[in-house]
Amino acid sequence: MPDIVLLPLIAIVAMLSGGALGFFLARYVINTGAKSTMAAAELTLADAEHRAEALQKEALVEAKDVAHRLRTEADKEIAELRRELKNTENRLNQREENIDKRVDTLDAREHQLSSLNGQLERRSRDLEAVEVQAQENIERIARMNMDEARNELLNRVKGDVVKQEAKILREAEESTRSEADKKSREIISLAIQRVAADHTVEHTVSSVSIPSDDVKGRIIGREGRNIRSFEQITGINLIIDDTPEVVVLSSFDPVRREIGRLTLENLIADGRIHPARIEETFKKATEYVEQQVKEAGDQAAFDAGIHDLHAELLRTLGRLKYRTSYGQNVLSHSLEVAHLAGVMASELGLDPQPARRAGLLHDLGKAIDHEIEGSHALIGADLARRFGESQDIIHAIEAHHDDVPQSTVIAVLVQAADAISAARPGARRESIESYIKRLEKLESIANAYDGVEKTYAMQAGREVRVMVEPNSISDDDAVVLAHDIAKQIEDEMEYPGQIKVLVIRESRAEDYAK
């Protein structure tokens, strides 16, 4: 019994135990499978994400490529459109220019046709007048007798002979002028070649170098007594400023300025600067310069082959050693003019002695023109007259700058030699400021006249070319205009040599072949 009762219990316990064991086994299996499935799912999800990112990157790169390609194509289209627009604009501008040219051409042709029409009308009137005159002549001849007809024929022949004679004389005059021009060029060329003097630009010394700025105080002296004594004794102004180691001398008299320069240099070299020493040094410098002046005058006369000049003329001539004109030493210039004038006189078969004499003395007035008012040519002529020079020499001196009309061959030769000497390359100089002002003055004088279109100063200011309006200025007016401009330049300006005024009147007609 008990066994019978226990058997069901044991069976029930076994069943429960087996069920529990099965339950736990099943649950274990289920848990293990779920975990494996979740791991696989996570791997799949990660792989999908990587693929998605790769696809996204590929899509982004492809999108960028497409955008770059589209942008490049757009830029090409824009550039093409711009080129087409530029070409269209150029074609329009070309068409506009062509239209303007055609309009100008039509205007020119219209003006030409109008001018031709006027000429035809004038010729028609002239022909009518000739026809009337011929009719009158026929009627008049028809009423003449034999003697009247003979006289009429003789008068006509005489008129033709007079015209032919005038033509022959004009041709002979032109031929003579051409030969004379050629001969004069040969003479001048020969004279220049034979008198090929060297030129160096002369500078007027107006400053003195000092060893140190301390010397300036010694030159000035206590309360300025030394500088006052120096200026009173020498007659020149002494300028002492902040310029280092330089003292400036100022005077219109070049000889006096040279004496002052030597006086100051000797005082500085000696070291003793006081009024008594200044006066003593000034006397020595004056004697030295006067001796140099006399020797320079004697040497110039000897070089020119002139041996009977008055002593005062020789002294005045020697003073030109310290005178410059546009940087050219006046004494050297005078000696060169003497040689040039003598050579040209010899080539013309004249006595070269008067020409050399006049050439040497032609600028004599420049030695004293700072003391006497007036033109240096007239001053020199008065000085030569005072010391017994002949009338031909006096006339050549006073006429070499056209202060008086030239009336002798010697005067013409001296003027030509003076121009040649001044015009040699390197003979004269002027500052760039004065050079520019002279060119501007030349152009402004010419531009002030009515009918002047343009003016050009050429050849370093030795020629002025004036372009005039052909409709406003006739050929006769051009001659008068050139004379007026030259006269105004002579009256208002100072310049070396001569200035050529060339007035150009020119009319042009143009057309275009299409």
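Look a little higher up for the structure.
Residues numbered from 1 in each chain as written. Predicted model: local features only at pLDDT ≥ 70, side-chain atom pairs only at ≥ 80, totals over all residues. Heavy atoms only, no water.

Novice: Would you take a moment to explain the layout of surface pockets for this structure?
Specialist: Put simply, the second largest pocket is a space of about 410 Å³. In the lining of the second largest pocket, the residues fall into four nonpolar, six polar and five charged. (1 Å grid on protein atoms, 1.4 Å probe; cavity = no way out; pocket = protein on both sides within 12 Å on 5 of 7 lines; lining within 4 Å. Points joined across faces, edges and corners; volume = space filled by probe spheres on them. Nonpolar A, V, L, I, M, F, W, Y, C, P; charged D, E, K, R; others polar.)

Novice: Which parts of the structure should I look at to understand the packing of helix H5 (residues 254–270) against helix H6 (residues 275–304)?
Specialist: Pairs of packed helices are described in terms of their axes, by the angle between the two and the distance that separates them. Orientation of H5 relative to H6, taken along the N-to-C sense of each, is 130°, at an axis distance of 8 Å. In this view, H5 runs oblique relative to H6, as classed from their interaxial angle. For the pair H5 and H6, the crossing hand works out as right-handed. Of H6, the residues touching H5 (which contributes Val255, Glu258, Ile259, Leu262, Thr263, Asn266, Leu267 and Asp270) are Arg277, Ile278, Thr281, Phe282, Ala285, Thr286, Tyr288 and Val289. A breakdown of the residues in the contact of H5 with H6 according to their chemical character gives nine nonpolar, four polar and three charged. (Axes fitted to C-alpha atoms, helices over the stretch in contact; angles between N-to-C directions. Helix = DSSP H or I, 4+ residues; strand = E, 2+ residues; numbered from the N terminus. Parallel < 35°, antiparallel > 145°, perpendicular 65-115°, else oblique. Left-handed = near helix turned anticlockwise from the far one by under 90°. Contact = heavy atoms within 4.5 Å.)

Novice: What should I look at first to understand the nonpolar core in this one?
Specialist: Buried together is how nonpolar side chains tend to be arranged in soluble globular proteins. By size, the foremost hydrophobic cluster in this structure holds 32 residues, and its most contacted members are Leu309, Leu317 and Leu360. If you list the elements that add at least two residues to this core, you get H6, helix H7 (311–319), helix H8 (330–347), helix H9 (352–361), helix H10 (376–386), helix H11 (391–399) and helix H12 (409–423). Looking at this core, the element that brings in the most residues is H11, giving five residues. In this structure, Leu309 is in contact with Ala301, Leu314, Arg357, Leu360, Leu361 and Glu389, ignoring residues within four places of it in sequence. Among the nonpolar cores identified, the runner-up in size contains 18 residues, and Leu442, Val468, Ile485 and Val501 belong to it. (Core = buried A, V, L, I, M, F, W, Y, C linked by side-chain atoms within 4.5 Å. Buried < 20%, exposed > 50% of the residue type's maximum accessible area, 1.4 Å probe, protein only.)

Novice: Would you take a moment to explain a nonpolar patch on the surface for this structure?
Specialist: Taken together, the side chains of Leu348, Leu350 and Val409 make up a nonpolar region of the molecular surface, amounting to roughly 240 Å² of accessible area. Inspection of the secondary structure assignment puts Leu348 in the loop between H8 and H9. (Patch = residues over 30% accessible without salt bridge, like charges linked within 9 Å, V, L, I, M, F, W, Y side chains within 5 Å. Areas by Shrake-Rupley, 256 points an atom, 1.4 Å probe, with all protein chains shown as cover. Salt bridge = Lys/Arg side-chain N within 4 Å of Asp/Glu carboxyl O.)

Novice: I'm lost on the pattern of salt bridges in this one. Help?
Specialist: Proximity of charged atoms lets side chains of opposite charge pair with each other. Enumeration according to the criterion identifies 20 salt bridges in this entry. In this structure, Arg315 engages Glu290 in a salt bridge whose closest nitrogen and oxygen atoms are separated by 3.5 Å. Of this pair, Arg315 sits in helix H7 while Glu290 sits in helix H6; the two residues are 25 residues apart in sequence, bridging distant segments of the chain. Overall, Glu290 belongs to the partly exposed group, its relative accessible area being 27%. Measuring nitrogen to oxygen at the nearest pair gives 3.4 Å for the salt bridge that ties Glu492 to Lys441. Remark: Lys441 occurs in helix H13 (residues 432–447) and Glu492 occurs in helix H14 (residues 475–492); sequence separation between them is 51 residues. Glu492 sits in the partly exposed class, given a relative accessible area of 44%. Among the charged side chains, a salt-bridge network with shared partners connects Asp270, Arg272, Arg277, Glu280 and Lys284.

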